[in-house]
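Structural features, examined
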Amino acid sequence: MSGILSLLDRKIWGIRWVEIFGGVMVAAMVASIYVAKAAAGRETARIAEIERQIDESGERVRLLRAEVARLEQPGRLEALSRQVGLGPVGVAQRSDEKQLGVLAAGDRPATVPAATVAAPAVVDAPDAVVAAEVRPEPQAEGDL
């Protein structure tokens, strides 16, 4: 034990070893704090940049949703469909699940019986369309 105490009492250029060791430790702590603060500053700047990008993306999403809402307006779609000559689907154009094979082959399907599917009823309002569909009652399980 006295060897350690004599080592700590030794002096280099008039300064004890304990004081030199303490000074080195303080310098190391100051340097590590400086490095940690610099890294924290970089991370803060990076977080601020990411938050700015999130805000810009949120603004873009809001604008795109507004554009979708504008493009999906029923009146606009109806006017566009009239310009290209489209109209409501007629009874002769409808089909049922039994005729899917015929449709897949590219042949024209036979007309569907009027009792199975009724034509849609159109209300004379600018954006309102009401469609009524008559479904037959299920018969026996063998018919399904």
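A short tour of the structure in this document, coming up. Everything numeric in this text was worked out from a predicted model, so none of it was measured.

The next thing to look at is the overall build of the chain. A tally of regular secondary structure across the chain gives 4 helices and 2 strands. Going residue by residue from the N terminus, the α and β elements of the chain occur as α-β-β-α-α-α. Counting across all 144 residues of the chain, residues that qualify as buried make up 2%. For the chain, restricting intrachain contacts to residue pairs at least 6 apart in sequence, the fraction spanning at least 24 positions comes to 19%.

Once that is clear, we can look at the pattern of salt bridges. Applying the stated criterion to the full structure yields 6 salt bridges. Each of the salt bridges in this network shares a partner with another, and the network as a whole consists of Glu 49, Arg 52 and Glu 56.

On the surface, Ile 15, Ile 20 and Val 24 cluster together to form a nonpolar patch covering roughly 230 Å² of accessible area. Inspection of the secondary structure assignment puts Ile 20 in helix α2 (residues 17-71).

About the criteria used
Residues numbered from 1 in each chain as written. Predicted model: local features only at pLDDT ≥ 70, side-chain atom pairs only at ≥ 80, totals over all residues. Heavy atoms only, no water. Helix = DSSP H or I, 4+ residues; strand = E, 2+ residues; numbered from the N terminus. Buried < 20%, exposed > 50% of the residue type's maximum accessible area, 1.4 Å probe, protein only. Contact = heavy atoms within 4.5 Å. Salt bridge = Lys/Arg side-chain N within 4 Å of Asp/Glu carboxyl O. Patch = residues over 30% accessible without salt bridge, like charges linked within 9 Å, V, L, I, M, F, W, Y side chains within 5 Å. Areas by Shrake-Rupley, 256 points an atom, 1.4 Å probe, with all protein chains shown as cover.

In short, geometric facts, not functional conclusions.
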